[in-house]
Amino acid sequence: MTWYVLAEGYVAAEGYVAAEGDVVAQDEVVARLRAAGCVFAEEEAAVLRDGDPAPELLAELVARRVAGLPLEHVVGWARFAGRRVLVDPGVFVPRMRTEVLVARAAAYVRTGSVIVDLCCGSGALGAVLAAGADGPVELYAADVDPAAVSCARRNVEPLGGTVYQGDLYGALPLTLRGRVDVLVANVPYVPTAEIALLPAEARLYEAPVALDGGADGLDVARRIVAGAGSWLAPGGQVFMECGEHQAAAAATALRAAGLNPSLHHDDDLDVTVVAGTRTH
Ligand code: GLN
């Protein structure tokens, strides 16, 4: 898919351009979204109108949303844990359920903490943790996907953090070994056979590498766990998100790696956070 800049801050995919001269009346936005099957049409309309786009641009944004692009890719940002996170085309959109992981990890962030966000995507998790810290922290993020890395740089560098491109720990400078206080990772955890069942917004517009976790969905999680013991500082903790049915296997992997596991399930958001502490 080819992407091009439409106006500052907005990027369009080829094929999703409103007809020339098309403008959309303010009260028509909600109706068009609703007709296209958007359940939260009013809320989405408010997001599309944010920043008061010119009528031609608003028509373009509505056309792209109606064509099925995720709302966050249409406007180029997502609201996550009270912050506005920039989200570029193809980059995993931060989910509200991941705020559960962030809240649990935030409880362990202190002034001076070394925070690492692996599989960082847009960099949302690390950015929110660093922005919410009481004092300065060291923030490092990494992703294997160059599109994610360039997006994460826009979210993380203004906070003084650094983003690396590469495969999990292999992306990090060796000087961080044994120094990480809080390691967060919204790993891809969808089992390969279930990728086809994902909503089109994820299937068509997010990088498969951000979603596909292998046969049981835990391939990447296991690799994070395997390295955690040597990258965490004594007392440091790793936090990962997974599905409820994956939690027991994730805890077993943490224990096998010498970490002390704990599990937290949030019923409202239907998400499980697995954490592991390096105790020695
Ligand atoms: N579909 C899952 C979600 O929306 C994907 C999460 C993931 O693989 N990290 O949360």
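Residues numbered from 1 in each chain as written. Predicted model: local features only at pLDDT ≥ 70, side-chain atom pairs only at ≥ 80, totals over all residues. Heavy atoms only, no water.

Q: Can you break down the packing of aromatic side chains residue by residue, with the values?
A: With the rule as written, the count across this model stands at three aromatic pairs. Residues Y108 and F239 carry aromatic rings whose centres are separated by 5.8 Å and whose planes lie at 35° to one another, so their mutual orientation is tilted. On the criterion of sequence distance, the pair formed by Y108 in the loop between α5 (99-106) and β5 (114-118) and F239 in strand β9 (residues 232-242) is long-range, its members being 131 residues apart. Residue classification places F239 among the buried positions, given a relative accessible area of 2%. Plain terms: the ring middles of Y140 and Y164 are 6.5 Å apart, the flat faces sit at 20° to each other, and that makes the pair stacked. A residue pair is termed long-range when its members are at least 10 positions apart, and Y140 in strand β6 (residues 138-143) and Y164 in strand β7 (residues 162-165) qualify at 24 residues. Under the relative-accessibility criterion, Y140 is labelled buried at 14%. (Phe/Tyr/Trp six-rings, centres within 6.5 Å; stacked < 30°, edge-to-face > 60°. Helix = DSSP H or I, 4+ residues; strand = E, 2+ residues; numbered from the N terminus. Buried < 20%, exposed > 50% of the residue type's maximum accessible area, 1.4 Å probe, protein only.)

Q: Let's hear about the site of the ligand: which residues, and what values?
A: Around the ligand sit F92, R95, R97, N186, V187, P188, Y189, V190, L198, A210, L211 and E241, and that is every residue in its neighbourhood. R97 is positioned with one of its side-chain polar atoms (N or O) 2.5 Å from an oxygen atom of the ligand. If the ligand stood free it would expose 300 Å²; the protein chains cover 90% of that surface. Of the residues in the shell around the ligand, the class split is eight nonpolar, one polar and three charged. (Near = heavy atom within 4 Å. Polar contact = N/O pair within 3.5 Å; in protein donor to acceptor, adjacent residues only side chain to side chain. Areas by Shrake-Rupley, 256 points an atom, 1.4 Å probe, with all protein chains shown as cover. Nonpolar A, V, L, I, M, F, W, Y, C, P; charged D, E, K, R; others polar.)

Q: Residue-level account of helix α10 (residues 247-256), with values.
A: Considered for burial, the residues of α10 that qualify are A247, A250, A251, A253 and L254. The buried residues of α10 occupy an angular sector of 160° when the element is viewed end-on, so they sit on one face. Residues of α10 that are exposed and point more than 90 degrees away from the buried face comprise A248, R255 and A256. Looking at the packing, one finds that the buried side of α10 touches α9 (219-231), β9, β10 (260-266) and β11 (271-277). (Arc of directions from axis to C-beta. Contact = heavy atoms within 4.5 Å.)

Q: Please give an account of the environment of L263 that cites residues and values.
A: Inspection of the secondary structure assignment puts L263 in strand β10. Using a relative accessible area of 47% as the deciding quantity, one classes L263 as partly exposed. Along the backbone, L263 and C120 are 143 residues apart, and their C-alpha atoms lie at a distance of 21 Å. Excluding residues that lie within four positions of it along the chain, L263 makes contacts with A247, A251, V273 and V274.

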